[in-house]
Each structure stands twice: as C-alpha cells, then as structure tokens.
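Structure at a glance
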Amino acid sequence: MKIKVRVSHEEDTKYASLICQKIEEAAKNRGTGIAKKDPEYIKSKMIHGNAVIAFFDDKLAGFSYLEIFQNKEFVVNSGLIVFPEFRKQGLAKIIKIEIFKLSRKKFPNSKIFSITTSNPVIKINTELGFKPVSFSELPQSEKFWKGCQSCANFDILTRNQRKMCLCTGLLYNPNIKKNNRNNYLSTGDKIVLAYSGGLDTSYCLKYLILEKYEVHTVIINTGGFKKDELEKIEERAISIGSQSHKTIDSIEEYYQNCIKYLIFGNILKNKTYPLSVSSERIFQAIKIAQYATSIQAKAIAHGSTGAGNDQIRFDIAFQIICPEKITLSPIRDMKVSREEEIEYLKNKGISICWDQAKYSINKGIWGTSIGGKETLSSSHDFPEESYPTKLSRKKSENLELEFEKGELVGVNQEKGEAIKNIIKIEKIASKFAIGRGIHIGDTILGIKGRVAFEASAAIIIIKAHHLLEKHILTKWQLYWKEQLSNWYGMLLHEAQYLDPVMRDIEKFLKSTQKRLTGTVNIILYPYRFHLVGIKSKFDLMASSNINMAQYGEMNYAWSAEDVRGFTKILSNQMKMYHNLNKKEK
C-alpha cells in the first residue's frame, strides 16, 4: 500500500472531468453538498497549485482545492473527495491535512474555513485547530454563497437568510491562535519527545514529566540500531515515565529519498565525509512530525544543545511540516551542561553510567560519527581504540560491486536489495578498518566543527560508483554532476532538504544514471582499498578501442592533418591574446 498526496500541477488536468464526476456522485449519495463542479474551474486550480491530489498505489484516489475570498481575508478548503474504493484507509484525513498546510503556506495570514455535514471531516478540522462558528463569521461574498446553489439543501440556506443550514461552519483564525493558550503549554498537554535513549533525551524525558506534561517518546530507526538495542531504549523510556513509546522504521525511505542520491552524486562533504549522520536527521524529523500530528500532540521536543547542527535540522522540519506545534529543546533553552544533566538524573533516581562514556557515537546505515575530547581541538589525532569497529582482518580480499542504473544491485555476484547490499559491504569491509577519517567542516551556525567517522560501505560504494561514472559519462556530464552534487550535499547538510531545488537536482542526478550499469572490482587491505577496474557495455573507453583510438597508441578516426587543423583553431583565441600582449610591451 502506497499513499501519495501532493500539490497538483498542470499535468493533473487530465483528471479534472473524472474528479467532477466523483464529486457529483458523492453529493447525490449523501443528499447534500455542492454537486456541480466545472472541469475547467478545477483545471485552473490544478495549474495554479491551489489543489492537492491523492494517489493510492499510483491510482487516482482523492482531491481537494482551495479558494480565496474578500481580498485574501478568507481561504476555503473545499471539494474534498475520496473515491469510494479507497475510503476507510485514512486518506481523507491526509488530504485535509495537506490542503490545510497548503493554505497556511500560501496564505499565512488568512482565515481558513470549511462548511460540511460530514462528522469525520468536522473531527479532522477540529484536530487541526478549526472552531465551530455561526455563518455570520464566514465570508459574505456573493461568489462564495453562489457556489452552494447546486446543493440539494440550498432552499434551507436561502429560507434562513444564510444564517444557518444543515452544514456546520468551521473557522481557523491564525491571528486568534497566536494570542490564545495554543501558543503555550499547560499542565497535562501532550508532548512527543524524539528519544534516542542517551543522556540528553533521557534528561529531557524526566524534566518534561516532572513539569507535569503527558510525554510520549518516539525513535526513528534509519539503520543505526539492532532489534535488542531498540527494545532496551523502549524499556528505558517506559521506566523513566514515558506514557508510550513508538519505534518507527524508516530505513527504506531514507535510502530511496536520500542515500540513493548521495551515491548518484558521489557526495563526500569537503571530499571527505559521506554525510553519515547529518543526512539522517531530516528524515527522522519528518517522521517525528508526522507521528506528533497523528497522536495530536501539542508540542515536539528534542534533546539538541545550542551549539550543533541538529537543532536547526529538527526545528526547520517541524516548522514546515507542523507549524501549529510548539517546539521545545530543554537543554538548549536552559543551557544545561552534561554534568548538570547527569547530576539531575541521579537526584531523580536514574543512575546510568553516562559519565563513563568518553565518546558520543551516532551510528546509521550510512556510517558512524564519533565525537570526543580529541574532536574539540584542531591538533589531536583520534586514537585507534576510540573507533567502534576494530581491525580484525589483515589478509587482502577481493570485492565485486554490481551497479544497475546507478543503484547497487549485487555484491560478489549475488543480487540483492540496495539496503541489504550496503549492510553486506559494511560487514565485509569494516573488518579491515576501512573508511575511517576525521572531518573538519563549517556548521550551519558558522563555526567550525570536527568529527571522526567510520563509514566503510559508504566510502567504498561512492568511490566505486565514481570510477564507473568516469568510464561511462561524458566529460560535461561529469563536470556538471560535480557542481550540482556539491550543492546537494551542502544543502542537505544545512537543513535545506525540503527546498524544492533539491527535487530538481535529484531529477538531474537520476537522469545521469541511465547508462550507469556495470561491475567494479576492488581489493580490500587493512585501512585501505584499491579500485582495480570496471566492466560495462557502456564503457566509452572500450567503444573507442573498437573503431576510434587507443589513448597514446593508434587512432583510426582522424589523420595527422586533422589534428594540425584542430590545434590551429583551438589555439586561435590564445594566440590573439598573446599577440596583443606583445604589442602592449
């Protein structure tokens, strides 16, 4: 089951007539509602991005649009339809949330309203912050009320001089919301806490509970946890006092929406770091925001400090995905030190040996980052014992990677899914202590940051993929890929993943992978690896051997005269420049 709800565009206009037909059928079945919709009007909503459209397993499943009235004072969320065969799947709620978010994004200062006889729709709107209102608080625009004429109950509306009907009027007023209690927390309010089980998030959990909030913990697994580790984290959360704990698996989504493009782009931050942990955070934040919305939490909390990148990544994602929710970061907000956290928890009867851990370790499927006292300075090396994975194999070993359209489809002649292949390479290569390094880079906040990492699978895959590209892509494909890939990595690192330009770059990166099919042979040694070569039917070097030329050897496609003429023309502008220089002298 795959549900996709997105903002509409011009290509969706082909569905306009069908949507109007479904709206009319639904109104007839209910005996109420606006029955007639003009396909051309629906098309205009789609073209201008004022509608959302839903698909269920790639089949058209639902729709809704927005209209504006009284010089943008009001926005109406209207035309909600879920096709009968896709009902009772929670799709109506997803569509309502998306059209509400679109309305808030495009018209942040407008009042948003809805009129409906549907109890489920009333419930969804209420959860989003809508309040029941009299019709007198709705737009008085003749254009709006004219739209009700096709409803079977229009006579009831007119008899009551538009003061009441069978529909309930619901209004979301952003100006009132800023000034009422929704802008701050009260005793018993529900909070979702992003919980990793470590010191920082455990401190936040206990602190928020003692502040008398209803705290629910959630952890997003993007590949960094084993089953027993996740179980221990849940046990710890419940033992500290969490009302509930949820583990959400997001490994596949993380691969499809991010890792895949990091491979396509051969992305290494500052030509060193494979964005192992920083690339995970946005997907964790998105899932946390969605979970907080699903359980109707009033606030989301995270354990970031005030000096790192993660606070920015979490805050930005929450502001975009669920702007109505309050974001809390107790450690950052109160400037609590690590020592103060440990002492606080000890005083509350929670004594875990956090003070014995010398290093902060964040592990994910794309690599592990390690922070410690050595990374706080510029001159100290990172000791061997600080790396989680130790050297255990010294005899060299061959490794063959198979790519198909840029994606890793096989390891050592065994086909498998990309995620399983990444894990397989990690198990093989980590024994050689391959993929270690220390990255120094610029944080989002403008300060320099230093971190150690180990990412054997990521480094090997990226380097192997890049070698294959050098054989298959043209010179200008390689050049522009490098430019855009650098931007993609930087924007991802700096919390800009949700900017639409990222989707544009992804389309470019994907288009360059159409011929990226072949195998790469590698030899693994302790602490290093050697790229032997590639085999591919799209190898431009191999094709030149057949009927054009061999580099530094014999050519079959041009003569000595051709080369002399080519170099003469190629040098024209340089000759003109240098001739002018001679005259100036």
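In case you missed it, the structure is sitting above this.
So, here is what we can say about the structure in this document. Predicted, not measured: the structure shown is a model, and the values here were computed from it.

The rules we used
- Residues numbered from 1 in each chain as written.
- Predicted model: local features only at pLDDT ≥ 70, side-chain atom pairs only at ≥ 80, totals over all residues.
- Heavy atoms only, no water.
- Helix = DSSP H or I, 4+ residues; strand = E, 2+ residues; numbered from the N terminus.
- Buried < 20%, exposed > 50% of the residue type's maximum accessible area, 1.4 Å probe, protein only.
- Contact = heavy atoms within 4.5 Å.
- Areas by Shrake-Rupley, 256 points an atom, 1.4 Å probe, with all protein chains shown as cover.
- Lys, Arg positive; Asp, Glu negative; His and termini not counted.
- Charge placed at Lys NZ, Arg CZ, Asp CG, Glu CD.
- Pairing = 2+ DSSP bridges.
- 1 Å grid on protein atoms, 1.4 Å probe; cavity = no way out; pocket = protein on both sides within 12 Å on 5 of 7 lines; lining within 4 Å.
- Points joined across faces, edges and corners; volume = space filled by probe spheres on them.
- Nonpolar A, V, L, I, M, F, W, Y, C, P; charged D, E, K, R; others polar.
- Axes fitted to C-alpha atoms, helices over the stretch in contact; angles between N-to-C directions.
- Core = buried A, V, L, I, M, F, W, Y, C linked by side-chain atoms within 4.5 Å.
- Phe/Tyr/Trp six-rings, centres within 6.5 Å; stacked < 30°, edge-to-face > 60°.
- Lys NZ or Arg CZ within 6 Å of the ring centre and 35° of its normal.

Points about the overall build of the protein
Of regular secondary structure, the protein possesses 21 helices and 21 strands. Overall size of the protein, expressed as C-alpha extent along the three principal axes, is 95 × 75 × 60 Å. Sorting the 585 residues of the protein into buried and exposed places 47% on the buried side. The contacts in the protein between residues at least 6 apart in sequence include a share of 70% that link residues at least 24 apart. Carbon and sulfur atoms make up 52% of the accessible area of the protein, which totals about 30800 Å². Here the protein contributes 87 positive and 64 negative side-chain charges, whose respective centroids are spaced 3 Å apart.

Quick look at the pairing of strand S18 (residues 436–442)
Burial along S18 is one-sided: Gly437, His439 and Gly441 are buried, while Arg436, Ile438, Ile440 and Asp442, pointing the other way, are not. Inspection of the sheet shows S18 paired to strand S19 (residues 448–454) by seven bridges, in the antiparallel sense. The partner of isoleucine 440 across the bridge, within S19, is arginine 450. Connecting S18 to the next strand, S19, in antiparallel fashion are five residues, including glycine 446 with a positive phi near 100 degrees.

A closer look at empty space enclosed by the protein
The full count for this structure, using the stated rule, is one cavity of 30 Å³ or more. Approximately 40 Å³ is the volume attributed to the largest cavity. Around the largest cavity, the lining residues are Thr389, Glu426, Ser430, Ala433, Ile434, Arg436, Glu454 and Ser456. A class-by-class count of the residues in the lining of the largest cavity yields two nonpolar, three polar and three charged.

Some thoughts on the sheet that holds strand S1 (residues 3–7)
Strand order in the open sheet made by the seven strands is S1-S2-S3-S4-S5-S7-S6, with mixed pairing throughout. Looking along the sheet, the strands with just one partner apiece sit at the ends: S1 and strand S6 (131–133). Shown here is a sheet whose adjacent strand axes are inclined to one another by a mean of 25 degrees, direction ignored. Of the pairings in the sheet, the one linking strand S5 (residues 111–116) to strand S7 (residues 168–172) comprises five bridges and is antiparallel in character. Across the sheet, the residue bridging to phenylalanine 113 is leucine 171, located in S7. Docked against the sheet, helix H2 (residues 39–47) engages strand S2 (51–56) and strand S3 (59–69), running at close to 85 degrees with respect to S3.

Some remarks on the nonpolar core
By size, the foremost hydrophobic cluster in this structure holds 75 residues, and its most contacted members are Trp366, Leu401 and Ile461. Ranked by residues supplied to this core, first place goes to helix H16 (residues 456–472) with ten residues. Among the nonpolar cores identified, the runner-up in size contains 38 residues, and Cys20, Ala61, Ile95 and Ile112 belong to it.

Examining the sheet that holds strand S20 (residues 518–525)
Read across the sheet, five strands follow the order S17-S16-S15-S20-S21 without closing on themselves; strand pairing throughout is antiparallel. The two strands at the open ends of the sheet, each matched to only one other strand, are strand S17 (414–415) and strand S21 (528–535). For strand S15 (residues 397–404) and strand S16 (residues 407–411), the ladder comprises four bridges, and the chain directions are antiparallel. Bridge pairing in S16 places leucine 401 opposite valine 411.

Observations regarding the packing of aromatic side chains
The final tally for this structure, using the stated rule, is 20 aromatic pairs. Relative to tyrosine 172, the ring of phenylalanine 130 has its centre 5.9 Å away and its plane inclined at 50 degrees; by these criteria the two rings are tilted. A residue pair is termed long-range when its members are at least 10 positions apart, and phenylalanine 130 in the loop between helix H4 (119–127) and S6 and tyrosine 172 in strand S7 qualify at 42 residues. Among the aromatic residues, those joined into a cluster by ring pairs are Tyr41, Phe63 and Tyr65. The lysine or arginine in question, lysine 22, covers the ring of phenylalanine 83, its NZ or CZ lying 5.3 Å from the ring centre.

Everything listed here is a matter of geometry and, on its own, says nothing about what the molecule does.
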